[in-house]
Amino acid sequence: MTAAAPSAAGTPAEADPALLRIEDLSMRFPIRRRGLFARTTGHVHAVNGVDLTIRPGEVLGLVGESGCGKTTLGRCIARSEKPTEGRVEYTGADGRVVDLAGLDRRELRPYQSEIRVVFQDPFSSLNPRMNLLQIVGDPLRAYDLATGSELEERVAIMLRKVGLSPAHMRRYPHAFSGGERQRVNIARALITEPRLVITDEAVSALDVSIRAQILNLLRDLQDEFDLTYLFISHDLSVVESICNRVAVMYLGKIVELADTGELYRRPRHPYTEALLSAVPRPDPRLRDQTRRIRLSDDFPDPAAPPPGCFFHTRCHYAQDRCSTERPDLRAVDGTHRAACHFSADLNLVGVGTGRSGRPGDGD
Ligand SMILES: Nc1ncnc2c1ncn2[C@@H]1O[C@H](COP(=O)(O)OP(=O)(O)OP(=O)(O)O)[C@@H](O)[C@H]1O
Ligand code: SF4
Ligand SMILES: [Mg+2]
């Protein structure tokens, strides 16, 4: 917790390692029945009571199957969505701690230029009728940061930083390849000099070789501009290569959180074990040591999450208690946290550990 109790209006930040502290965050979308007498028939629990801290300068990975709530969590942080409940405490460049979840549009403005998003699709996310100067310069105009020749100069500098030629700033998106368009996306996100960048599947649509170049670019830019990333991805190989810590999400909840090496070597949640078992390993020795854990396709309905542990309907280790009692996310080993009643007892298989995954099988 912050020593000072921050308010939506903002209070001075005390010495605190958190750039962003999410507390009990929930986002529920109404399900509406269509027709003459349209009414709300239920809610999709896209994000469900998430607690998460993002430390300054880290790359925090957010992984999980499609529909688990990764994008919605990112959108709540960037405030493209207003969360239904909870707090998003952000320590601004001005040193003040604010609850982004409680701010109105006017109050949000200065912070939205500090928290920016890079989206997945380099094709659909760029307006085909705007040239590079307009696309990359637009946030400068929107946040009243620069106009005219200063704006153009800043766009030219930023294009160079992402490996594009400023000579091309009057060209339109169709003239660029997928990798180049993603560089444009990154330039547009970074032009406001943000402190936190949320990358939402930013390399997923790219070919493997281009993906490596964009990952290198993100790393270089992080060093140069002192950035913090929330790196959203369903690709655990990519996450392993770039993230310092990883949060695993299932049905709107964080079920495991640990340093990357620790999480991959020694997962403490059966869901993480299953995700890791599906990661392709180029080294045949490592391939032989892990068996693929197949999860059933019946991903529960986020409008009606199961009772007890949300994962119990698909978990190979579930016991009676799991269907009635919900496990909290709690420390298992140092800073390693997991939400499983049996995480201290299970001997789960990580990547390349070669251990047996069944409880009681031993090392
Ligand atoms: N605007 C919306 N209205 C209603 N439901 C929504 C909305 N946005 C997301 N959802 C639902 O919320 C849940 C979480 O979706 P979200 O897009 O955050 O998942 P995700 O983990 O990013 O998935 P993916 O890996 O496919 O991108 C899903 O059930 C989705 O259908
Ligand atoms: S609490 Fe039970 S169902 Fe949930 S992950 Fe742990 S063993 Fe599986
Ligand atoms: Mg998504």
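None of these values were measured; they are calculated from a predicted model.

Calculation notes
- Residues numbered from 1 in each chain as written.
- Chains lettered and ligands numbered in written order.
- Predicted model: local features only at pLDDT ≥ 70, side-chain atom pairs only at ≥ 80, totals over all residues.
- Heavy atoms only, no water.
- Phe/Tyr/Trp six-rings, centres within 6.5 Å; stacked < 30°, edge-to-face > 60°.
- Helix = DSSP H or I, 4+ residues; strand = E, 2+ residues; numbered from the N terminus.
- Buried < 20%, exposed > 50% of the residue type's maximum accessible area, 1.4 Å probe, protein only.
- Arc of directions from axis to C-beta.
- Contact = heavy atoms within 4.5 Å.
- Polar contact = N/O pair within 3.5 Å; in protein donor to acceptor, adjacent residues only side chain to side chain.
- Near = heavy atom within 4 Å.
- Areas by Shrake-Rupley, 256 points an atom, 1.4 Å probe, with all protein chains shown as cover.
- Nonpolar A, V, L, I, M, F, W, Y, C, P; charged D, E, K, R; others polar.
- Pairing = 2+ DSSP bridges.
- Axes fitted to C-alpha atoms, helices over the stretch in contact; angles between N-to-C directions.

Asks: Quick rundown of the packing of aromatic side chains? Include the residues and the values.
Replies: Inspection of every chain in the model, using the stated rule, returns 5 aromatic pairs. Seen from their ring centres, Y250 and F311 are 5.0 Å apart, and the 80° between their planes marks the pair as edge-to-face. Pair noted here: Y250 is in strand β10 (residues 245-250) and F311 is in the loop between α10 (284-289) and β12 (330-333), with a separation of 61 residues, a long-range link. Each member of the pair, Y250 together with F311, is buried.

Asks: Which residues make up helix α2 (residues 105-112), and what values do they have?
Replies: Inspection of α2 places L108, Y111 and Q112 among the buried residues, and these make up the whole buried set. In an axial view of α2, the angular spread of the buried residues amounts to 95°, which keeps them on one side of the axis. Buried residues belonging to α2 abut α1 (70-78), β5 (85-91), β6 (96-99) and β7 (115-118). The residue sitting at the N-terminus of α2 and contributing the capping side-chain oxygen is D104; that oxygen lies 3.2 Å from the backbone nitrogen of R106.

Asks: Outline the site of ligand 1, listing residues and values.
Replies: All residues in the neighbourhood of ligand 1 are listed as F29, V44, A46, E65, S66, G67, C68, G69, K70, T71, T72 and P302. One of the backbone N or O atoms of G67 is found 2.8 Å from an oxygen atom in ligand 1. Within the side chain of T72, a nitrogen or oxygen atom sits 2.5 Å from an oxygen atom of ligand 1. With the chains in place, 62% of the 640 Å² that ligand 1 exposes on its own is no longer accessible. Of the residues forming the shell around ligand 1, the biggest block, 3 residues, is contributed by α1. Residue classes in the shell around ligand 1 are distributed as 5 nonpolar, 5 polar and 2 charged.

Asks: Account for the sheet that holds strand β9 (residues 228-232), with residues named and values stated.
Replies: Taken in spatial order, the 8 strands make up an open sheet running β7-β8-β9-β4-β10-β11-β13-β12, and their pairing is mixed. The open sheet has two edge strands with one neighbour each: β7 and β12. Here the average twist between neighbouring strands, direction ignored, is 25°. Pairing between strand β4 (residues 59-63) and β10: 4 bridges, direction parallel. Pairing of G61 across the sheet is with V246, part of β10. With respect to the sheet, α1 is in contact with β4, β7, β8 (196-200), β9 and β10, its orientation differing from that of β8 by roughly 155°. Packing against the sheet, helix α6 (residues 208-225) makes contact with β4 and β9, and its axis sits at approximately 155° to β9.

Don't take any of this as a statement about function, it's just geometry.
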